[in-house]
Amino acid sequence: MRVSFCRIVLVHSDISDAQKGQAVLDFGLDVFHLMNRTCVSECPSEGGELVVNYCFYSPPSPGGPTVSSQATMEASSFFDELSRDLEKAWQELLAICAVALGLALVLLATLRFLAWMIVYVVIAVMVVGALAGTGLLWYLYFEAKKAADNAHESIREFRVRDANSMLAFAVVATIATLLLLILLVVMRKRIKLVTALFKEAGKAVQAMPLMLLQPLVTFVVMAITVCVWVATALVIESMGTPVPGLHSGFVQYRKTGAGLFFRWYNMFALFWVSQFIIACQDMVVGGAVSKWFFTRDKSQLGNPVLLATKNLVLYHLGSVALGSFIIAVVKMIRYILKKIQAQMGNNPVAKIVCCCCQCCLYCFTKFLQFLNRNAYVEITIHGYNFCKAAQQAFGILARNALRVAAINSIGSFVLFLGKLSVTVSTVFIGIEIMKGRPDVKHSYILIAIGGLFAYIISYVFISIYEMAIDALFICFCEDCDINDGVERPYFMSKGLMEFVENSKTALAALKYKPEPNNNQPPLFVKSPGAPGSDS
């Protein structure tokens, strides 16, 4: 059996039930989604639309519009109306997007100056909510107990059961509230560190505004990658051994060894390249922040973003490729497991096993992504290879587990609230703006577009902020491990110096000793790609 490519694959968008039944007789239900394809030399000019090498064909009906053609006409009418609405209200849509951008900038300023207030407000809401919920449960228990004591003999058993259930809920809530209060007391200093890192991240972003363009570059490269992948996937799906059906006349292109290999290879390439692009952004942001952190005289900073980009291209592409490859392998295993799960039918045991494996692999993927982000910062500081940097990052994270927990719980929740507040505020402001345009039929679509833009722009800013916080935390830990604050002064600011063990000694030494020469690179720099080096 030979492997061939179909020049143009004709996809019928309007086929009868009889044709579908004949296709099932030819090929079965498992490949039903491929049954409406045939191979042609050219796409029909009437009713056909060519996309890459696929021709989507809807034949005209002589007896009047069919259900599918009627739906097509309705969809066309909807898009015509939407295009007219966009032409009428483009200024309002632009105003909504401008509001989203302004709110995102306000969010950055708020995180820069009022992060401590947001953190403590979130903690206060959590504590008040936990106490109020626990008190309410105890109140409901006493009410249920009183009702059980006064209930008639015939329903007393049910009332007692309700009271016992409410008692169990109240006890569990009390234990959870006590654990929350104990945890907050134990981690009070680490929570202060979170607020200090927010302030430092705001300073870094303000000093290097070019970092805010990194997500835009990443988005453009990712969009190009996805378009190339889709075009390649369409070509691969038209590859195979043509097997014509005896009843339907349709053709199924069955994949042989080469076709299956290219299909799986293309999927793995998408996982690897997408993770590589994201890792490049993390490396650039981490390198710029570490350069900013380990520069004493910030007026001599230069352009850390361009320097980090140069170091990435010249020194660290192999490390980025290895880190992204590991994550791509795990994602590929999850994808294969999902395919296996889809073919297992309704076996409950198999479904439970596959769900457990998927959950474990998902958690493992998140752990690897978090470890890789911190490893990239270690690479920009020391110039290590990926394996050594990952080992160093894992050691730092393990030694500072409580600090990491505070940053990833409270810090991530605050950043999520920031994205949510920008998006929701933009939507409500957009509703007020569109009230002045009653001639616009689909104003909710324009508001949704503005809300989507608000989420994207807030996600762009917050993703940079989040990576900056992670990078600053690694730099802070490295500074504590390598310098002592007296003989070897810290690079960190006075705000962060309060959280080291010898903070009073370090602050006194900083007060009475002159600043060291900024032209001298850090003692721990080991490669030309690390911040502070002369190359």
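Residues numbered from 1 in each chain as written. Predicted model: local features only at pLDDT ≥ 70, side-chain atom pairs only at ≥ 80, totals over all residues. Heavy atoms only, no water.

### Quick word on helix α9 (residues 348-382)
- The end-to-end C-alpha distance of α9, which contains 35 residues, comes to 50 Å, matching closely the 51 Å that a straight helix rising 1.5 Å per residue would cover.
- After α9 finishes, the residue G383 shows a positive phi value of roughly 80°. (Helix = DSSP H or I, 4+ residues; strand = E, 2+ residues; numbered from the N terminus. Expected span 1.5 Å × (residues − 1).)

### Some remarks on the packing of aromatic side chains
- Counting across every chain of the model gives 16 aromatic pairs.
- On the numbers, 5.6 Å between centres and 65° between planes, the contact of F261 with F262 is edge-to-face.
- Exposure remark for F262: the relative accessible area of 38% places this residue in the partly exposed category.
- Clustering of aromatic rings is evident, with ring pairs tying together W138, Y141 and F142.
- Taking NZ or CZ as reference, R296 lies 3.9 Å from the ring centre of F491, over its face.
- A cation over a ring is seen here: K298 above W292, with NZ or CZ 5.0 Å from the ring centre. (Phe/Tyr/Trp six-rings, centres within 6.5 Å; stacked < 30°, edge-to-face > 60°. Buried < 20%, exposed > 50% of the residue type's maximum accessible area, 1.4 Å probe, protein only. Lys NZ or Arg CZ within 6 Å of the ring centre and 35° of its normal.)

### So, helix α10 (residues 386-399)
- For α10, spanning 14 residues, the distance from its first C-alpha to its last is 20 Å, which sits close to the expected 20 Å at 1.5 Å a residue.
- What α10 keeps buried is the set F386, A389, A390, A393, G395, I396 and L397.
- On its buried face, α10 is in contact with α8 (304-342), α9, α11 (401-434) and α12 (443-482).
- Where α10 begins, one side-chain oxygen reaches toward the backbone nitrogen of C387, 3.3 Å away; that side chain belongs to N385. (Contact = heavy atoms within 4.5 Å. Polar contact = N/O pair within 3.5 Å; in protein donor to acceptor, adjacent residues only side chain to side chain.)

### Considering a nonpolar patch on the surface
- Taken together, L131, V171, I175, L178, L179, L181, I182, V186 and L402 make up a surface patch of nonpolar side chains, about 780 Å² in accessible area.
- The element best represented in the nonpolar patch is helix α4 (residues 153-186), accounting for seven residues.
- In this fold, I175 is placed in helix α4.
- Given the relative accessible area of 47%, I175 is considered partly exposed. (Patch = residues over 30% accessible without salt bridge, like charges linked within 9 Å, V, L, I, M, F, W, Y side chains within 5 Å. Areas by Shrake-Rupley, 256 points an atom, 1.4 Å probe, with all protein chains shown as cover. Salt bridge = Lys/Arg side-chain N within 4 Å of Asp/Glu carboxyl O.)

### Looking at the environment of L178
- Tracing the sequence through the fold places L178 in helix α4.
- Separated by 47 residues in sequence, L178 and L131 place their C-alpha atoms 9.3 Å apart.

### Describing the pattern of salt bridges
- Within the structure shown, the criterion is met by four salt bridges.
- Among the salt bridges present, the one from K203 reaches E200, with a minimum N-O distance of 3.4 Å. With K203 and E200 both in helix α5 (residues 188-207), this residue pair falls three residues apart, about one helical turn.
- When its relative accessible area of 6% is taken as the criterion, E200 is described as buried.
- Members of the salt-bridge network, linked through shared partners, are D282, R373 and D470.

### As for the confidence of the model for the chain
- When pLDDT is averaged along the chain, the result is 78; 75% of the residues meet or exceed 70.
- Averaged over each element, pLDDT in the chain is lowest for strand β1 (residues 4-5) (50) and highest for α10 (93).
- Contacts for the low-pLDDT stretch residues 63-76, under 50 throughout, to residues beyond four places or in other chains number five contacts.
- Note on residues 531-535: pLDDT under 50 across the span, and 17 contacts to partners over four residues away in sequence or across chains. (pLDDT = per-residue confidence, 0-100.)

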